[in-house]
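Survey of secondary and tertiary structure
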Amino acid sequence: MLQKLYDWIDERIDITPIWRDIADHEVPEHVNPAHHFSAFVYCFGGLTFFVVVIQILSGMFLTMYYVPDIENAWKSVYYLQTEVAHGQIVRGMHHWGASVVIVMLLLHTLRVFFQGAYKKPRELNWIVGVLIFFVMLGLGFTGYLLPWDNKAYFATQVGLEIAEQVPFIGEQLKTLLAGDANIVGAQTLTRFFAIHVFFLPAALFGLLAAHFILIRRQGISGPL
Amino acid sequence: MHKGKGMKFVGDSRISAEKTSQIPKDYSEYPGRTEAFWPNFLLKEWLVGAVFLVGFLCLTLAHTPPLEGMADPTDAAYIPLPDWYFLFLYELLKYEFASGDWVLMGILVMPGLAFGALLLAPFLDNGPGRRPHQRPIANGMMILGLISVIWLTYESAAHVDWEARAEANKPIPESSVTIDTEHEGYAVYENNCMTCHGGELEGGPAAPTLLGIEYSAEEIADIAVNGIGGMPGGIFTGSDEELEQLADFIITVNESAE
């Protein structure tokens, strides 16, 4: 029955080569913790992706309640945390996941760096990875404002003041981020929401796709 | 990819009608103890993921995600702090060489050099050797950078009393008033007081809230009949029994709100 269903789909969209590309490859001995326990350092990248998936899923559920508007943003978060069933856990996963993803990214980066795994021919994938790191920091910065509590508001104000001090383009940069040259308010919140939920995730997905395609093309770096 | 004459397709599509083998390749020919990713290795990864998820959920359950009071832009006394992974950049701006006239050092030059070097690491460290002792400069720079980031983060975080901060900025919960519409005094309240004092005793433009008042039942009854402040007398129209019920109702709601 399952085989028939598979054949039916395969006949129409030729699925076998697709899942072959994704799943059918060899795992060399030196990255397999079953053979060398120290190979657990190779898990960091995969676990980073795992936390990213947690962030995407919990974030999707958060937007079911969150209202990006200065009157209701804080109230919706407070309601989610105190009234909604398991709301505190979903928000907790997103909040702590944001920190854990930075930790895992750092560990993954250090593993690649100290093993010299970025050397020819993997330079491009290193650059893609560092860009992913920057996008993550951007997600952290924009997401910090969204609960619209005091620490969010004042931290963002400081961040925007720092952006303003950049020579030549500082004021334009601040206006671009905040939606207004002077006010950190309603426009800032909707802008940060859009950047956090649409712009940066779009960039992240593109970069992650490039990261994974490059890994599959080049294979994992050999043992030291 | 298979191509050439004699290919068969499904209908008029470009999908090959010929079946390809679905048995995974035999990786045992590769050097070392190589394993197929699907399904052997994936199962192990799955287990690592499960253990990680349990740990992560324990963290989530043990620590409530923090939420301070609603943003108040007029609060001039609030000391802003970024999230922990930005603390090192924030702390950097407190040094003399990275603030004031030299602020561009702190916000552009130093972070730009550090992150730029990180981005371009493969081209700066472009020798063929991968082992740590073959790349002392690259590793040395990275360790130096790491130590500075950890030091700056520590310097910034160690001077903050996180618990006192969280305590001082706790959100004030909105008062949850339960109005017992079954109470015998509710109907009296509805007829005599609600127009001005509101459906939940919250007050309105014409009258103050009745929550948190310090009057006894007798005083409430007296005010209802004779008025107080801007409230004229004679608004209450009802029997003495109803007056008693009304006073009892207002006190009951006040007790439930505490």
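Residues numbered from 1 in each chain as written. Chains lettered and ligands numbered in written order. Predicted model: local features only at pLDDT ≥ 70, side-chain atom pairs only at ≥ 80, totals over all residues. Heavy atoms only, no water.

1. Notes on the environment of Gly97(A)
Residue placement: Gly97(A) occurs in helix α5 (residues 87-114). Of the residues examined, Gly97(A) reaches a relative accessible area of 0% and is grouped as buried. As a C-alpha pair, Gly97(A) and Ser58(A) span 39 residues in sequence and 9.3 Å in three-dimensional space. In contact with Gly97(A), other than residues within four places in its own chain, are Val51(A), Gln55(A), Gly92(A) and Phe56(B). (Helix = DSSP H or I, 4+ residues; strand = E, 2+ residues; numbered from the N terminus. Buried < 20%, exposed > 50% of the residue type's maximum accessible area, 1.4 Å probe, protein only. Contact = heavy atoms within 4.5 Å.)

2. With respect to the pattern of salt bridges
Overall, the coordinates contain 10 salt bridges over all chains when judged by the stated rule. Here Lys119(A) ties to Asp125(B) by a salt bridge, and the two come within 3.1 Å at their closest N and O atoms. Taken together, the residues span two chains, with Lys119(A) in the loop between α5 and α6 (123-145) and Asp125(B) in the loop between α4 (121-124) and α5 (136-158). Judged by relative accessible area, Lys119(A) falls into the buried class, the value being 8%. Assessed through its relative accessible area of 12%, Asp125(B) is described here as buried. The closest approach of N and O atoms between Lys174(A) and Glu164(A), which form a salt bridge, is 3.9 Å. In this pair, Lys174(A) sits in helix α8 (residues 170-178) while Glu164(A) sits in helix α7 (residues 150-164), placing the two residues 10 residues apart along the sequence. Its relative accessible area of 9% is what places Lys174(A) among the buried residues. (Salt bridge = Lys/Arg side-chain N within 4 Å of Asp/Glu carboxyl O.)

3. A look at the packing of α5(A) against α6(A)
All names here are of chain A. Packing of α5 against α6 leaves a shortest axis separation of 11 Å and a crossing angle of 160°. By the angle between their axes, α5 is roughly antiparallel relative to α6. For the element pair α5 and α6, the recorded crossing hand is left-handed. In this structure, α5 contributes Val101, Ile102, Leu105, Leu106, Thr109, Val112 and Phe113 to the contact, and α6 contributes Trp126, Phe133, Met136 and Leu137. A breakdown of the residues in the contact of α5 with α6 according to their chemical character gives 10 nonpolar, 1 polar and no charged. (Axes fitted to C-alpha atoms, helices over the stretch in contact; angles between N-to-C directions. Parallel < 35°, antiparallel > 145°, perpendicular 65-115°, else oblique. Left-handed = near helix turned anticlockwise from the far one by under 90°. Nonpolar A, V, L, I, M, F, W, Y, C, P; charged D, E, K, R; others polar.)

4. Quick notes on the interface of chain A and chain B
Every contact between the two is made by 84 residues of chain A and, on the other side, 77 residues of chain B. When the two sides are added together, the surface that chain A and chain B hide from each other amounts to roughly 7,300 Å², 68% of it contributed by carbon and sulfur. Taken together, the links from chain A to chain B amount to 2 salt bridges. With its nearest N and O atoms 3.0 Å apart, the salt bridge here joins Glu29(A) to Arg33(B). For the interface between chain A and chain B, the tally reads 27 residue pairs in polar contact (both at pLDDT 80 or more). Listing elements by their share of the side of chain A that touches chain B, those giving two or more residues are α1 (2-13), α2 (15-23), β1 (26-27), α3 (43-62), α4 (73-82), α5, α6 and α7 of chain A. Examining the composition of the side of chain A that touches chain B, we find that 17 residues originate from one element, α5(A), more than from any other. Along the lines of polarity and charge, the residues of the side of chain A that touches chain B split into 50 nonpolar, 19 polar and 15 charged. Bridge count for β1(A) against strand β1 (residues 35-36) of chain B is 2 bridges, and the pairing is antiparallel. Each bridged residue has a counterpart across the sheet, and for Glu26(A) the counterpart in β1(B) is Ala36(B). (Buried area = accessible area lost by both parts, 1.4 Å probe. Polar contact = N/O pair within 3.5 Å; in protein donor to acceptor, adjacent residues only side chain to side chain. Pairing = 2+ DSSP bridges.)

5. Let's talk about a negative patch on the surface
All names here are of chain B. A cluster of acidic side chains, namely Glu184, Glu218, Glu219, Asp222, Asp240, Glu241, Glu242, Glu244, Asp248 and Glu255, defines a negative patch on the protein surface. Mapped by element, the contributors of at least two residues to the negative patch are α9 (217-226) and α10 (240-257). When residues in the negative patch are grouped by element, the largest group, 6 residues, is from α10. Structurally, Asp222 can be placed in helix α9. (Patch = residues over 30% accessible without salt bridge, like charges linked within 9 Å, V, L, I, M, F, W, Y side chains within 5 Å. Areas by Shrake-Rupley, 256 points an atom, 1.4 Å probe, with all protein chains shown as cover. Lys, Arg positive; Asp, Glu negative; His and termini not counted. Charge placed at Lys NZ, Arg CZ, Asp CG, Glu CD.)

6. Section: helix α9 (residues 186-218) of chain A
All names here are of chain A. With 33 residues, α9 should cover 48 Å at 1.5 Å per step; its first-to-last C-alpha distance of 47 Å lies within 8% of that length. At Ile195, α9 is bent by approximately 40°, the largest bend along its length. Here α9 has its buried residues at Thr188, Leu189, Phe192, Phe193, Ile195, His196, Leu200, Pro201, Leu204, Leu207, Leu208 and His211. Looking at the buried positions of α9, the neighbouring elements they touch are α3, α4, α5, α6, α7 and α8. Remark: Gly219 follows α9 within two positions and exhibits a positive phi of approximately 75°. (Expected span 1.5 Å × (residues − 1). Bend = angle between axes of the 7 residues up to and from the residue.)

7. Notes on the packing of aromatic side chains
Within this structure, the stated rule accounts for 25 aromatic pairs over all chains. Between Phe40(A) and Phe44(A), the aromatic rings sit 6.1 Å apart at their centres with planes inclined by 80°, giving edge-to-face as the arrangement. Ring centres of Phe141(A) and Phe192(A) lie 5.7 Å apart, and the angle between their planes is 55°; this geometry places the pair in the tilted category. Taken together, the residues span a long stretch of sequence, with Phe141(A) in helix α6 and Phe192(A) in helix α9 at a distance of 51 residues. Members of the aromatic cluster, each reached through a chain of ring pairs, are Phe141(A), Phe192(A), Trp84(B), Tyr85(B) and Phe86(B). Its end group placed over the ring of Trp8(A), Arg12(A) keeps NZ or CZ at 3.9 Å from the ring centre. Sitting over the face of the ring of Phe113(A), Arg135(B) holds its NZ or CZ atom 5.4 Å from the ring centroid. (Phe/Tyr/Trp six-rings, centres within 6.5 Å; stacked < 30°, edge-to-face > 60°. Lys NZ or Arg CZ within 6 Å of the ring centre and 35° of its normal.)

8. Some points on unusual backbone geometry
Note that the residue after Lys120(A), namely Pro121(A), is joined by a cis bond; omega there is 10°. With respect to the secondary-structure elements, Pro121(A) resides in the loop between α5 and α6. In the segment running from Trp38(B) into Pro39(B), the intervening peptide bond is cis, with an omega of -5°. Secondary-structure assignment places Pro39(B) in helix α1 (residues 37-62).

9. Here we look at the environment of Leu246(B)
All names here are of chain B. With respect to the secondary-structure elements, Leu246 resides in helix α10. Accessibility expressed as a relative area gives 2% for Leu246, which makes it buried. For the pair Leu246 and Glu184, spaced 62 residues apart in sequence, the C-alpha to C-alpha distance is 7.9 Å. The residues contacting Leu246, other than those within four sequence positions of it, are Gly185, Val188, Tyr189, Cys193, Ala224 and Phe236.

10. Regarding the confidence of the model for chain B
Regions with low pLDDT should not have their predicted coordinates read in detail. A residue-level look at chain B finds 95% of positions with pLDDT of 70 or above and a mean pLDDT of 86. Overall fold confidence for the complex sits at a pTM of 0.81, while the interface term, ipTM, reaches 0.91. (pLDDT = per-residue confidence, 0-100.)

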